[in-house]
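Descriptive analysis of the structure
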Amino acid sequence: MKIVGYGDRFSVATGEKIRFMVSSQEDTYKADIVRLIHGDTNPHGPGFKEELIETIPSKTYPGKEQKLYTGSFIEVSDKPQLRFSDSFSFQAWIYPTTPRKGLQGLVTKWSSSEESGYGVFVDPNGSLAACIEGVSGKKTWVSSDKILRPATWYFVSVVYDAQERVVKLYQEPLNMWPRDESRVITSKSVDISKISENRLALIIAGHWEKEESGKSIIGGHYNGKIDSPCLFNRALSEDEVVLLRKGIPPTRLGHGIVGAWNFAQDFSSAVVTDNSGNSHNGIAVNMPARAMTGHNWTGNETNFNNAPSEYGAIHFHDDDLEDAK
């Protein structure tokens, strides 16, 4: 559509104000206020009928295209606890639907334009990856180099040990098959001991980027489901990662938990609850689908109200809905 618009209020009375936001691909457009008498264009009826109302807004306006930013994600406001400078660990269950569509953020405090902070991603090759930037400005990417299978649940974890200067990636499918090439546990030495900090909001299912105009937006949208993500401000041991895979609540791993987002809680609202005790609650943007079947869904219950713990996933989509199917 070359021209779209909407009012900031559903209705107004005489003397009240209303604003209209209009995006136009044309250089100019004409705006009128009309009384709609009959809007049905069916040829078997009276047809479309309207009456022009002479008002001040009725005139020609300069056109300007206003971009519509789609793609769903969760935004968690910046707090000092989320600005990791040393070791950190991330864990979640993911169900990617288009793993090779480009760089997709899983949990990020990172900007693709400034390339600062840290982030966990599905990289353009369809593999689990992590990026950290040191205080010196040096950036390091670590990838599993194993392509995730579409529509498959994976346990994923990223552990950055600042003292050992090692990043370890865990990419394990829920259902293990012999000779499964997508399963990998790998580590890489990195020449970074301190992570650069920023004040960007933490994003789940995307990352920050900038347009040519300089406006900051969320891009790199993730397609698929995420279940039970959590963050720690320390390097988890291999035994602790195994416990998380077995389903132990992250709050039982002792100190260092920063965020543990429970997608099964408050799913009728836009609030995404953090059960870590740190109140890092998030806001779901652009309506990702909630109360979706999680990695632990047994199939015994089809009503999410009766088994909320099995419907703890959120399904995210980017702006290309055809690819997100």
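Before going further, it helps to spend a moment on the overall build of the chain. Check the secondary structure of the chain and you find 1 helix and 24 strands. In terms of overall dimensions, the chain has C-alpha extents of about 75 × 50 × 40 Å along its principal axes. Burial status across the chain gives 43% buried among its 325 residues. Considering only contacts within the chain whose residues lie at least 6 apart along the sequence, 60% involve residues at least 24 apart. Here the chain has roughly 17,500 Å² of accessible surface; of this, 50% comes from carbon and sulfur atoms. Side-chain charges of the chain comprise 35 positive and 41 negative groups, with the mean position of each set lying 2 Å from the other.

Attention shifts here to the confidence of the model for the chain. When pLDDT is averaged along the chain, the result is 92; 98% of the residues meet or exceed 70. Low pLDDT, under 50, characterises residues 321-325; the stretch is placed with 7 contacts to residues that sit more than four places away or in other chains.

Let's shift gears to a nonpolar patch on the surface. Nonpolar side chains collect at one region of the surface, where Val12, Ile18, Phe20 and Ile33 lie side by side and expose about 310 Å² of accessible area between them. With respect to the helices, strands and loops of the structure, Ile18 is situated in the loop between β1 (3-7) and β2 (20-24).

Glancing now at the nonpolar core. Within the largest apolar cluster, 41 residues are counted, with the highest numbers of intra-cluster contacts made by Ile74, Ile94, Ile132, Tyr160, Ile226 and Leu231. The contact partners of Tyr160, leaving out residues within four places of it in the chain, are Asp86, Ser87, Phe88, Ile132, Val166, Val167, Val190, Ile192, Ser193, Lys194, Ile195 and Ala235. Phe155, Val159, Tyr170 and Ala313 belong to the second-largest nonpolar core, a separate cluster that totals 15 residues.

This part covers the side chain of Asn198. Here Asn198 lies in the loop between β15 (184-189) and β16 (202-204). A polar atom in the side chain of Asn198 sits 3.1 Å from the backbone nitrogen of Leu200. Apart from the residues lying within four places of it in its own chain, the contact partners of Asn198 are Asp78, Arg83, Lys109, Ser116 and Gly117.

Our focus in this paragraph is the packing of aromatic side chains. Taken as a whole and judged by the stated rule, the model has 12 aromatic pairs. Look at Phe88 and Tyr118: their rings are 5.1 Å apart centre to centre, the planes differ by 40°, and that puts the pair in the tilted class. Highlighted residues: Phe88 in strand β8 (residues 88-96) and Tyr118 in strand β10 (residues 117-122), separated in sequence by 30 residues. Considering the side-chain rings of Phe267 and Phe304, the 5.0 Å spacing of their centres and the 85° angle between planes classify their relative orientation as edge-to-face. Of this pair, Phe267 sits in the loop between β20 (257-262) and β21 (271-274) while Phe304 sits in the loop between β23 (289-292) and β24 (313-316); the two residues are 37 residues apart in sequence, bridging distant segments of the chain. Overall, the relative accessible area of 30% leaves Phe304 in the partly exposed class. Over the aromatic face of Tyr95 sits the side chain of Lys225, whose NZ or CZ is 4.8 Å from the ring centroid.

Among the structural elements, Ser24 can be located in strand β2. Judged by its relative accessible area of 3%, Ser24 is buried. Beyond its immediate chain neighbours, meaning those up to four positions away, Ser24 contacts Lys2, Ile3, Tyr29, Gly63, Lys64 and Glu65.

Our focus in this paragraph is the pairing of β8. When a strand is regular, its side chains alternate between the sheet's two faces. Counting buried positions over the 9 residues of β8 gives 8, a clear majority of the element. As judged from the 7 bridges shared by β8 and strand β13 (residues 154-161), these two strands associate in the antiparallel manner. Among the inter-strand pairings, Phe90 is bridged to a residue of β13, identified as Val158.

Moving on: the pattern of salt bridges. If the charged atoms of two oppositely charged side chains come close together, the side chains can form a pair. As enumerated under the stated definition, the model contains 16 salt bridges in all. Among the ionic pairs, Arg35 bridges to Glu51, the shortest N-O distance being 3.1 Å. Of the two residues, Arg35 is situated in strand β4 (residues 33-38) and Glu51 in strand β5 (residues 49-53); the sequence distance between them amounts to 16 residues. The class of Glu51 is partly exposed, set by a relative accessible area of 38%.

Rolling a probe over the atoms, with the probe sized like a water molecule, indicates the empty space that remains. Here the largest pocket is characterised by a volume of approximately 450 Å³. Forming the boundary of the largest pocket are 22 residues, of which Asp227, Ser228, Gly247, Pro249 and Pro250 lie nearest the centre. Secondary structure elements with two or more residues in the lining of the largest pocket: β8, β19 (224-232) and β20. Considering every element that reaches the lining of the largest pocket, the biggest residue donor is β19, with 4 residues. A per-class count over the lining of the largest pocket returns 11 nonpolar, 10 polar and 1 charged.

This next bit is on helix α1 (residues 238-245). Those residues of α1 that fall on the buried side of the exposure criterion are Glu240, Val241 and Leu244. Looking straight down α1, one finds that the buried residues subtend no more than 100° of arc, so they occupy a single side. Elements that come into contact with the buried residues of α1 comprise β8, β13, β14 (166-173) and β19. Immediately downstream of α1, the backbone of Gly247 shows phi near 105°, a positive value.

The rules behind these values
Positions within a chain are numbered from 1, following the residues in the order the chain's sequence is written. Where totals are concerned, whole chains, interfaces and linings use all residues; where local detail is concerned, this predicted model gives features only for residues with pLDDT of at least 70, and gives and counts side-chain atom pairs only at 80 or more. Based on all heavy atoms of the structure, the side-chain values leave hydrogens and waters out of the count. Secondary structure elements are taken from DSSP: a helix is a run of H or I of four residues or more, a strand is a run of E of two residues or more, and numbering for both begins at the N terminus. The rule is simple: take the accessible area with a 1.4 Å probe, protein chains only, and divide by the maximum for that residue type; under 20% is buried, over 50% is exposed, in between is partly exposed. We call two residues in contact when some of their heavy atoms are within 4.5 Å. Note on areas: Shrake-Rupley with a 1.4 Å probe; residue coverage comes only from the protein chains shown. Lys and Arg are tallied as positive, Asp and Glu as negative. Neither His nor the chain termini are counted. The atom standing in for a charge is NZ when the residue is Lys, CZ when it is Arg, CG when it is Asp and CD when it is Glu. pLDDT measures the predictor's confidence residue by residue and takes values from 0 up to 100. Exposure above 30% relative accessible area and the lack of any salt bridge qualify a residue for a patch; like charges then connect within 9 Å, and the nonpolar side chains Val, Leu, Ile, Met, Phe, Trp and Tyr within 5 Å. Think of a salt bridge as a Lys or Arg side-chain nitrogen and an Asp or Glu carboxyl oxygen that are within 4 Å of each other. We define a nonpolar core as any set of buried Ala, Val, Leu, Ile, Met, Phe, Trp, Tyr and Cys residues linked to one another through side-chain atoms lying within 4.5 Å. In protein, a polar contact means a hydrogen-donor-capable atom and an acceptor-capable atom, both N or O and within 3.5 Å, with residues adjacent in sequence counting only if both atoms are side-chain atoms; elsewhere, any N or O pair within 3.5 Å suffices. Only Phe, Tyr and Trp rings take part, Trp by its six-membered ring, and two of them pair if their centres are within 6.5 Å. Stacked means planes under 30 degrees apart, edge-to-face means over 60, and tilted covers everything else. When the NZ atom of lysine or the CZ atom of arginine is within 6 Å of a ring's centre and also within 35 degrees of its normal, the charge is said to sit over that ring. At least two bridges found by DSSP between two strands are what make those strands a pair. Lining residues are defined by having an atom within 4 Å of a point belonging to a cavity or pocket. Those points lie on a 1 Å grid over the protein atoms alone, cavities being sets where a 1.4 Å probe fits but cannot get out and pockets being open sets with protein on both sides within 12 Å along at least five of seven lines. Grid points are joined across faces, edges and corners, and a volume is the space filled by probe spheres set on the points. Ten residue types, Ala, Val, Leu, Ile, Met, Phe, Trp, Tyr, Cys and Pro, are classed as nonpolar, four, Asp, Glu, Lys and Arg, as charged, and the remainder, Gly among them, as polar. Each C-beta atom gives one direction from the helix axis, and the arc is the one those directions make.

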